[in-house]
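Below are the chains, spelled out letter by letter.
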Amino acid sequence: MLKLALLLVSGMVCLALIMNLWRLIQGPDLADRILALDTMYINSIALIIIFGMYMGSPLYFEAALLIALLGFVSTAALCKYLLRGDIIE
C-alpha cells in the first residue's frame, strides 16, 4: 500500500514540476521566473526524498540535502543580482 501511495504522490510532484516549468517559461517578469525556479528545486527535493523512501536507501536523503543547499545559495545570489545588479561587491 505504501509503494502505491509513493507512486501516486511522485506523479503529483511531477505534475507540479511541469506546471512550474510552464511558469518559468511564461512568467511575466523576472521575479516570477525566480520564484518558479525556487519552487522547482523544492519539488525536485521532494521527488528525490520520495524516491529514496521507495528504494529504501538513505543515500537519496543526503543528495536532497545537497540540492537544498545549492538551491538556497542560487536563489539568494539571483535575488541579490536582481536587486543590486552585482553579485560580488
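Keep in mind that what you see is a predicted model, and the values were worked out from it rather than measured. (Residues numbered from 1 in each chain as written. Predicted model: local features only at pLDDT ≥ 70, side-chain atom pairs only at ≥ 80, totals over all residues. Heavy atoms only, no water.)

Novice: Hey, could you go over the confidence of the model for the protein for me, with residue numbers and the actual values?
Specialist: Per-residue pLDDT for the protein has a mean of 91; in total, 98% of the residues score no lower than 70. Mean pLDDT per element in the protein: helix α3 (residues 59-84) is the minimum at 90, and helix α1 (residues 2-26) is the maximum at 95. (pLDDT = per-residue confidence, 0-100. Helix = DSSP H or I, 4+ residues; strand = E, 2+ residues; numbered from the N terminus.)

Novice: Please set out α3 residue by residue, giving values where relevant.
Specialist: Along its 26 residues, α3 runs 38 Å from first to last C-alpha, staying within 8% of the 38 Å computed at 1.5 Å per residue. Listed as buried for α3 are A64, G71 and T75. Among the structural elements, α2 (30-55) are those in contact with the buried residues of α3. Immediately downstream of α3, the backbone of G85 shows phi near 85°, a positive value. (Expected span 1.5 Å × (residues − 1). Buried < 20%, exposed > 50% of the residue type's maximum accessible area, 1.4 Å probe, protein only. Contact = heavy atoms within 4.5 Å.)

Novice: Could you give me a rundown of the packing of α2 against α3, with the residues and numbers involved?
Specialist: Interhelical geometry of α2 versus α3 gives an angle of 175° and a closest axis separation of 9 Å. On the basis of their axis angle, the class for α2 and α3 is roughly antiparallel. Grouping the amino acids of the contact of α2 with α3 by side-chain chemistry returns 19 nonpolar, 4 polar and 1 charged. (Axes fitted to C-alpha atoms, helices over the stretch in contact; angles between N-to-C directions. Parallel < 35°, antiparallel > 145°, perpendicular 65-115°, else oblique. Nonpolar A, V, L, I, M, F, W, Y, C, P; charged D, E, K, R; others polar.)

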